Amino acid sequence: MRIARFVHHDQIAYGTVELDEDHGEHPGTVAVLNGDPLVTAVQYTGERLLLDDVRLVAPVIPRSKIVAVGRNYRAHAAEFGNDVPAEPMCFYKPNTAVVGPGEPIIYPRQTSAVDHEAELAVVIGRICKDVPVERVPEVIFGYTVANDVSARDLQNSDGQWGRAKGFDTFCPLGPWIVTHLSLEEASDLGIRATVTRGGQTIERQESTTANMVHGIAELVSFVSSFATLLPGDVILTGTPEGVGRIEPGDVVTVEIESIGSLANPVVAADA
């Protein structure tokens, strides 16, 4: 199932998305739900809309936190001359950094070196703490696509990552949350990023989630060992090698196999 959050006639709603690849009776549509499935039991309203008639927004705005993991792909750590940490290296991004599909990434005035980072995002579905690795599937609501946008110069100069990765618009999420993937399936998905600049598409990142140093279950368990996880919390699982600069005028696209594609234009702060 694909859970989308969308705007229709200036109203935000949730629904389940049906695509051509599902071979169902209603391809290219969204079936409307009567509430937020992350916080309450929901039912279908009976209304069905064309995907082309709605505007997808971020499928979740974490009420509590986004926990991101650094240096979780060996080749990405190596491209910056870093070692892989023995334990997951975690940091927070504010929920004000979240934007959805098609919404702009705003290039801040304070930086001159902004990078894209393609990542698999895990969405938590229930309150949990100290989750054993073997029980992690019970607390995962689903998965979505993320871009951990980073001001690399500020990351290096500040000595910590809060500002560099916490600017407004620095956490695109979408296009929807996929709930039907098993943990094993999510642990071996193709992940890629491209940047379109001046009409030319540049291939940047190409890897698989199987290359994570610390797997999904280990990450969720580890984060839950120091922070209570709440429904709607998001864990970003790290990025593979090939990260690179983006600049105003670009469109950066992150795609994860079996989930979807997330594209965002880059605009200057004063545009």
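Residues numbered from 1 in each chain as written. Predicted model: local features only at pLDDT ≥ 70, side-chain atom pairs only at ≥ 80, totals over all residues. Heavy atoms only, no water.

Caption draft 1: Geometry of the sheet that holds strand β20 (residues 260–268). Pairing is mixed in the open sheet, where five strands are placed in the order β9-β20-β19-β15-β16. In this open sheet, the two strands that pair with only one neighbour each are β9 (105–107) and β16 (200–208). The sheet shows a mean angle of 20° between the axes of neighbouring strands, taken without regard to direction. In this structure, strand β15 (residues 190–197) lies alongside strand β19 (residues 251–256), joined through six bridges in antiparallel fashion. Each bridged residue has a counterpart across the sheet, and for V195 the counterpart in β19 is V252. (Pairing = 2+ DSSP bridges. Helix = DSSP H or I, 4+ residues; strand = E, 2+ residues; numbered from the N terminus. Axes fitted to C-alpha atoms, helices over the stretch in contact; angles between N-to-C directions.)

Caption draft 2: Focus on the nonpolar core. If you look at the biggest cluster of nonpolar residues, it comprises 43 residues, and the most contacted ones within it are F6, V122, Y143, I216, V220 and I259. Ignoring anything within four residues of it in the chain, the contact list for V220 reads V122, I124, V136, V139, L229 and I235. By size, the runner-up hydrophobic cluster in this structure holds 21 residues, among which are V60, I66, V98 and A146. (Core = buried A, V, L, I, M, F, W, Y, C linked by side-chain atoms within 4.5 Å. Buried < 20%, exposed > 50% of the residue type's maximum accessible area, 1.4 Å probe, protein only. Contact = heavy atoms within 4.5 Å.)

Caption draft 3: Representation of the pattern of salt bridges within the structure. Taken as a whole and judged by the stated rule, the model has 19 salt bridges. Between R63 and D36 there is a salt bridge, with the nearest N and O atoms lying 2.6 Å from each other. Of this pair, R63 sits in the loop between β5 (55–57) and β6 (66–70) while D36 is found in the loop between β3 (29–33) and β4 (44–50), placing the two residues 27 residues apart along the sequence. Accessibility expressed as a relative area gives 10% for D36, which makes it buried. In this structure, the salt-bridge partner of R245 is D115, at a minimum N-O distance of 2.4 Å. Here R245 is found in strand β18 (residues 244–246), whereas its partner D115 is found in strand β10 (residues 114–116), with 130 residues between them in sequence. The partly exposed category is assigned to R245, whose relative accessible area is 40%. Salt bridges sharing partners connect three or more residues here, namely K93, D115, E117, D148, R152, K165 and R245. (Salt bridge = Lys/Arg side-chain N within 4 Å of Asp/Glu carboxyl O.)

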